Structure formats: C-alpha cells, structure tokens
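These are the residues of each chain, in order.
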Amino acid sequence: MYLTLAWRNIWRNKRRSWITIASIVFAVIIALFTRSMQLGSYAKMIDNVVSFYTGYVQIHSAGYWEKQTPDESFIYSDSLAWVAEQTKNTTAVTPRLESFALVSSGEHTAGAIVIGINPVSEDRITALSRKVTEGEYLTADDPGILLAEGMAKRLGVGTGDTVVLLGQGYHGVTAAGKYPVTGIVTFPSPDLNSTMSYLSLKETQFLYGAYGRVTAIAIMIDNQKHLSAVVSELKKRFDEAYEVMSWDEMLPELVQMIEADNAGGIIMLWIIYMIIGFGILGTVLMMTLERTREFGMLIAIGLKRMQLSFILFLESTMLSLIAVATGIALGIPLLVYMYYHPIVFSGRMKEVMLSYGYEPIMPFSLDPMIFCVQALAVFVVAILATIYPMVRTLRLRPVNALKTG
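Residues numbered from 1 in each chain as written. Predicted model: local features only at pLDDT ≥ 70, side-chain atom pairs only at ≥ 80, totals over all residues. Heavy atoms only, no water.

**Concerning the packing of aromatic side chains**
Inference 1: Tallying each qualifying case throughout the model produces six aromatic pairs.
Inference 2: Pairing Phe33 with Phe364 gives two aromatic rings, centres 5.0 Å apart and planes at 55°, and the pair type is tilted. Of this pair, Phe33 sits in helix 2 (residues 14-54) while Phe364 sits in the loop between strand 14 (361-362) and helix 15 (368-384), and the two are 331 residues apart along the sequence.
Inference 3: A residue is classified by how much of its surface remains accessible, and Phe364, at 3% relative accessible area, is buried.
Inference 4: Consider the rings of Phe238 and Tyr242, whose centres lie 5.6 Å apart with planes at 75°: the pair is edge-to-face.
Inference 5: Here a set of aromatic residues connected by ring pairs shows up, and it is made of Phe74, Phe238 and Tyr242. (Phe/Tyr/Trp six-rings, centres within 6.5 Å; stacked < 30°, edge-to-face > 60°. Helix = DSSP H or I, 4+ residues; strand = E, 2+ residues; numbered from the N terminus. Buried < 20%, exposed > 50% of the residue type's maximum accessible area, 1.4 Å probe, protein only.)

Below, the structure is given as structure tokens:
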C-alpha cells in the first residue's frame, strides 16, 4: 500500500516530478563525464609511460635503480627471458642495455639516453617501429642509430648522416663510437622526443664494453589490474641477485602527480554533489510546502506522522532510482562515444599540453566502477536531501497545516 501511494503521489504533479528527475539525471551525467575524463587521462599517462619506455615491469640486478650505470648490469641469457615469459599474464619480454652519452654532430652536442635493444622483441612492447617517421627501423645487426626527432633537430642531422657517441662504459672504460643515422622516431612526449636514442643490443654492448650484459629486462602484461600478481610471481622466480620493479616504483613522481590530481578531482566532485544536493533539496522542499494542507488532513484523519514520512521517503527513493537509472542509460552511450572518439586538442592548447609533456588528447575511461560509484553517490545525495522535509513532516501540526492554502 505504501509503495502504491508513493508511486501515485509522484505522478500527481508530473511537471514537478520531471523537474526533480531531470536535475538528478543531469547530475549523474556530469559526475560520470567528469570522473571518466579524469580516470581516462590517468590511464593515458600510464599507457604513455609503459608503452613508450618502461614497460609495466622491469628486472634489474639488485641495486641498479639507485645508480643506473652499466657497472650494475648483469649477464643476460635466454633462460632468464624464458622464466619471465612463462609468468602468467606476461605478453612480451625484451632485454635492454641502457646508459647515457653525449651525442654530437659537427659543432652541435646533446645529452642522450642510449638504449640497446633487441629490435624484434622491443617492438612488441613499445611498437617502436611504428614511431619511425623517417628512414628505417633497426635490425639485429644494424650498425646504425635511431634518434628521437627533437634530438635530430638539435643536432641538425637526418637519415644518412653520422653522429658520434661519447660516454663511460662498463667498469670505467671509454665508450666512443660513430654511427650512421638509420631512422628518426617521433614521440608525443617532448621529454622523450628530445633525449632518446636507440642502438641494436649488440652494438650497445660493444660501445660500453659490456659484452653479453644488460641493465634491464622489460616486461609487458595484458592488463594493469594483473600488475601486483605478476610482480609477486616474478619476485618468487628471481633470487635476491635481482630486483623486480613495477612502473609505479620506478616512477614515483608520476604516481604522486596522479594522486594529487585525483584528490583535487574528488574535491571537485564533492562540490558538484553539494550543488546537486541543494538543488534537489529545494525541489523536494517545494513539493513538501505545496502539500502541507494535504499532510495536515492525512494526519488529522489518523495517518501517523512516521507513516507519512516513510511515504515521502519512498517517493524520493523512487524518483532517485528512476533518475539515476535514466542518467546511466544516457551516460553510457555518451561515454562509449567519447572513449572511441577522444577530444583531440589543436592550436595553442596543443602547444601547452606538449610543453608539459602530455599528448594533446583528452581520453575517457569505461571502467565499470565509474558508473557504480557515481550513480551511488548521486543517489545517496538525493536521499539525504529528503531528510529535512521528513523531519519537517514529523513536526507538522494538523491545525496549522489545514489553515495553509
């Protein structure tokens, strides 16, 4: 009976009910859109890092990450790669020998990160071959070098030109060599685009005098949610001579930036919820004031105040459920479209984002928790907005109420 009364009361004044529903629907869509955009941008940042450079997991010799020199490299074997490849949820594994060097051409010199790679397995992790915008990709025995576009411009070189590398190799030996520019690679991140260079693993080992050695084994996995399980399993499979590090351990500054931005985003969402709550409160309070005489009459003929308040609660709950369900139904196709057609910035905004090291794109996320959490939050806000009208009803005096209107 209570449900029937509440349902009929909702539609006695259709305009008022539709106004309330519309306000909650708008709130749900705004909350979904905001949170999806925020989580999508975080996912894109992480994807940029792991797919352009680090991979999801790396294996080093113990203590390498603190010094990051060829002296902390280790002997590489196919059996080590096999152990990593056999770990569940691992999709690609590649060895790397990484260090720093000065790259020069003529009168121009620039500092560079030099990475020795297995071209085939590296391409499975970073899709490096697809980033070659000029020249050709490396082969296993290629004597040439790949330069990032920004570095090539600073040095004033192109494919076919020769650059000189000078640095410090394994156990202090002098690392020096001349390499023809095989290709130019372009990264969306300005930092990577101005510092990266690639040699074949064999050439890099020769350059640094680190024969048969690597500084890292980079690993790609099928899904971010499996990261903890993969790291835990790898730590069991590799002894104390090695350290297993996930991308968030290697890049704590990125994690801190995401956490700080996420906290700001949550604060903004709560501000949105507060605005929504006051809007819903105003609508519900208006509904209550319009029906004051009706409530007074119901109490006068024997309906208990608690029962009346419960009916009001049911009305608000039904309205909120209808509105939240409608908001999700409208929000899902919107976010699906935005997921497959992200916002691509151009002009001044593109330049600003590139200057901060971000791709000029605003991606969206379809994480199911977005829909659950935001819908629940708006629903709770809508329910809380009915507390004051319910309390007001509990204190209602039938004589005064019947004089109203």
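**Brief notes about the pattern of salt bridges**
Inference 1: Per the stated rule, a full pass over the model turns up five salt bridges.
Inference 2: For Lys67, the salt bridge identified is with Glu72, shortest N-O distance 3.8 Å.
Inference 3: Linking Lys202 and Asp141 is a salt bridge whose minimum nitrogen-to-oxygen distance equals 2.9 Å. Linking Lys202 in helix 8 (residues 201-208) with Asp141 in the loop between strand 5 (132-135) and strand 6 (145-148), this pair joins segments that are 61 residues apart in sequence.
Inference 4: You can call Lys202 exposed: its relative accessible area is 53%. (Salt bridge = Lys/Arg side-chain N within 4 Å of Asp/Glu carboxyl O.)

**Quick notes on the side chain of Thr87**
Inference 1: Inspection of the secondary structure puts Thr87 in the loop between helix 4 (78-85) and strand 3 (90-105).
Inference 2: Classification of Thr87 as buried rests on a relative accessible area of 3%.

**With respect to a nonpolar patch on the surface**
Inference 1: Taken together, Leu376, Val380, Leu384, Ile387 and Val391 make up a surface patch of nonpolar side chains, about 420 Å² in accessible area.
Inference 2: Residue assignment for the nonpolar patch shows that the elements contributing at least two residues are helix 15 and helix 16 (387-394).
Inference 3: If one sorts the elements of the nonpolar patch by residue count, helix 15 sits on top with three residues.
Inference 4: Position of Val391 among the secondary structure elements: in helix 16. (Patch = residues over 30% accessible without salt bridge, like charges linked within 9 Å, V, L, I, M, F, W, Y side chains within 5 Å. Areas by Shrake-Rupley, 256 points an atom, 1.4 Å probe, with all protein chains shown as cover.)

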